[in-house]
Amino acid sequence: MALIEELNQQGNFLFRWRSYIPGVILFLSLLYLPYVPYFQGQYESNLYWLSGAFLVSFAGLFVRCFTIGYTPKNTSGRNTKQQVADVVNQSGIYSLVRHPLYVGNFLMYLGPVFILRDFAFALVYIMFFYLYYERIIFAEEYFLRGKFAKGYLEWADKTPAFIPRLSGYKKPNLDFSFRNIWKREYPSLFGIIVVFTVFDLIQVYFQEPALRAVDITGIWKPFHTWFFGFGFIFYVVTRLIVKTTKLLEVEGR
């Protein structure tokens, strides 16, 4: 098999599992987390650091939401079985970068890595992400080049793959759709909330043994209650809306 075909085959395999494999980073982070002391030795200070890490992940979610808010149907989707694209998105954020959703993913996973405060681990994450998504991007662009030929190549020649350019923004062809974001990105928001709640609980468990020695429920602080509670209610309500109604359906999205 020619190398170009092998890379395409690897990329398509990773494409089908792209929602799960980055979980390896979260798993490794969880294994490392018990050895990470509170920032400045205090829970309150650590909570500020955790909030900063959360903002990094939230910035990634914002990039994804901004992208999806303007994209038409059968583009920028969560499909896993095969590549799908009815058009090549070239306006909005796609006029600045070819793969904005993966930029968003990078930031979303960088948040938990940021909690560990370990430069070497962060470098490992960046290398893993690069090698992993490089194959996926190769497979996607192989497909798009084959389907749209010259139109795709002209856009790719002037638009960077991952690091956005700072000029040349083109107004999106479609209006912004909050409902489309709500329908497609509610699992991402809940996932971020779950991850940061679990990470904080683990740090409390290992950094404050006196609490768990009395009652393991003592590690559950008011912060966890409202933070996780909001996320859980939001997820359940949205899930019901998506599965039982057409409230969030948008024509052409």
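The rules behind the values
- Residues numbered from 1 in each chain as written.
- Predicted model: local features only at pLDDT ≥ 70, side-chain atom pairs only at ≥ 80, totals over all residues.
- Heavy atoms only, no water.
- Salt bridge = Lys/Arg side-chain N within 4 Å of Asp/Glu carboxyl O.
- Helix = DSSP H or I, 4+ residues; strand = E, 2+ residues; numbered from the N terminus.
- UniProt positions renumbered as here; feature names shortened; annotations may be inferred.
- Polar contact = N/O pair within 3.5 Å; in protein donor to acceptor, adjacent residues only side chain to side chain.
- Core = buried A, V, L, I, M, F, W, Y, C linked by side-chain atoms within 4.5 Å.
- Buried < 20%, exposed > 50% of the residue type's maximum accessible area, 1.4 Å probe, protein only.
- Contact = heavy atoms within 4.5 Å.
- Phe/Tyr/Trp six-rings, centres within 6.5 Å; stacked < 30°, edge-to-face > 60°.
- Lys NZ or Arg CZ within 6 Å of the ring centre and 35° of its normal.
- Expected span 1.5 Å × (residues − 1).
- Arc of directions from axis to C-beta.
- Axes fitted to C-alpha atoms, helices over the stretch in contact; angles between N-to-C directions.
- Parallel < 35°, antiparallel > 145°, perpendicular 65-115°, else oblique.
- Nonpolar A, V, L, I, M, F, W, Y, C, P; charged D, E, K, R; others polar.
- Patch = residues over 30% accessible without salt bridge, like charges linked within 9 Å, V, L, I, M, F, W, Y side chains within 5 Å.
- Areas by Shrake-Rupley, 256 points an atom, 1.4 Å probe, with all protein chains shown as cover.
- Bend = angle between axes of the 7 residues up to and from the residue.

Undergrad: Quick rundown of the pattern of salt bridges? Include the residues and the values.
TA: A full pass over the atoms with the stated rule returns 5 salt bridges. A salt bridge links Lys150 to Glu154, with the shortest nitrogen-to-oxygen separation between them at 3.8 Å. Remark: Glu154 and Lys150 occur in helix 5 (residues 119–158); sequence separation between them is 4 residues, near one turn of the helix.

Undergrad: So what's going on with the UniProt feature "transmembrane region" (unreviewed entry) in the protein chain? Residues and values would help.
TA: Feature annotation in UniProt places "transmembrane region" (unreviewed entry) on residues 17–35, 47–70, 106–133, 186–206 and 226–242, given in this structure's numbering. Secondary structure content for residues 47–70 is 92% helix and 0% strand, while the C-alpha to C-alpha distance between its ends is 34 Å. The distance from the first to the last C-alpha atom of residues 106–133 is 10 Å, and the span holds 89% helix and 0% strand.

Undergrad: Can you break down the side chain of Thr71 residue by residue, with the values?
TA: Along the polypeptide, Thr71 turns up in the loop between helix 3 (43–68) and helix 4 (100–115). Only 3.2 Å separates the side chain of Thr71 from the backbone oxygen of Ile68, close enough to count as a polar contact.

Undergrad: Any chance you could break down the nonpolar core for me, citing the residues and the numbers?
TA: Of all hydrophobic cores here, the largest spans 41 residues; its most connected members are Leu33, Ile115, Tyr125, Ile136 and Phe196. Examining the composition of this core, we find that 10 residues originate from one element, helix 6 (residues 178–207), more than from any other. Beyond its immediate sequence surroundings of up to four residues, Leu33 is in contact with Ile115, Leu116, Phe199, Ile202 and Gln203. Ranked by size, the runner-up nonpolar core spans 12 residues in total, among them Val88, Tyr94, Val97 and Leu101.

Undergrad: Quick one: what's the story with the packing of aromatic side chains, residue by residue and with numbers?
TA: The final tally for this structure, using the stated rule, is 30 aromatic pairs. When the ring of Phe190 is compared with that of Phe228, the centres are 6.2 Å apart and the planes differ by 45°; the resulting orientation is tilted. Taken together, the positions of Phe190 in helix 6 and Phe228 in helix 8 (residues 222–244) put the pair 38 residues apart, joining distant regions of the chain. Site record: aromatic cluster; members linked through ring pairs are Tyr102, Phe106, Tyr125, Phe128, Phe129, Tyr132, Tyr133 and Phe162. Against the face of Trp49 rests Arg117, its NZ or CZ located 5.9 Å from the ring centre.

Undergrad: Go over the environment of Thr225, please, and point to the residues and values.
TA: Checked against the element boundaries, Thr225 lands in helix 8. Overall, Thr225 belongs to the partly exposed group, its relative accessible area being 46%.

Undergrad: Let's hear about helix 1 (residues 3–16): which residues, and what values?
TA: The end-to-end C-alpha distance of helix 1 is 20 Å, a good match for the 20 Å that 14 residues give at a rise of 1.5 Å each. All buried positions along helix 1 are accounted for by Leu7, Asn8, Gly11, Leu14 and Phe15. All buried residues of helix 1 lie within an arc of 130° about the axis, which places them on one face of the element.

Undergrad: Help me get a handle on the packing of helix 2 (residues 23–32) against helix 5, residues and values and all.
TA: In the contact formed by helix 2 and helix 5, the axes pass within 11 Å of each other and the chain directions differ by 170°. If you check the angle between helix 2 and helix 5, you find them roughly antiparallel. On helix 5, the residues touching Ile25, Leu28, Ser29 and Tyr32 of helix 2 are Phe121, Tyr125 and Phe128. Taken together, the residues of the contact of helix 2 with helix 5 break down into 6 nonpolar, 1 polar and no charged.

Undergrad: Give me a nonpolar patch on the surface: which residues, what numbers.
TA: Side chains of Phe232, Ile233, Val236, Val237 and Leu240 sit close together on the surface and give an oily, nonpolar patch of about 440 Å² of accessible area. Here Ile233 shows up in helix 8.

Undergrad: Please provide a residue-by-residue account of helix 6, values included.
TA: Over its 30 residues, helix 6 extends 41 Å from the first C-alpha to the last, a length consistent with the 44 Å expected when each residue adds 1.5 Å. Maximum bend of helix 6: about 60°, positioned at Glu185, with proline Pro187 one to four residues after it.

Undergrad: Give a detailed account of the environment of Pro164, specifying residues and quantitative values.
TA: Summarising the element assignment, Pro164 is placed in the loop between helix 5 and helix 6. The spatial distance from the C-alpha of Pro164 to the C-alpha of Phe119 is 24 Å, given a sequence separation of 45 residues. The contact partners of Pro164, leaving out residues within four places of it in the chain, are Leu96 and Val97.

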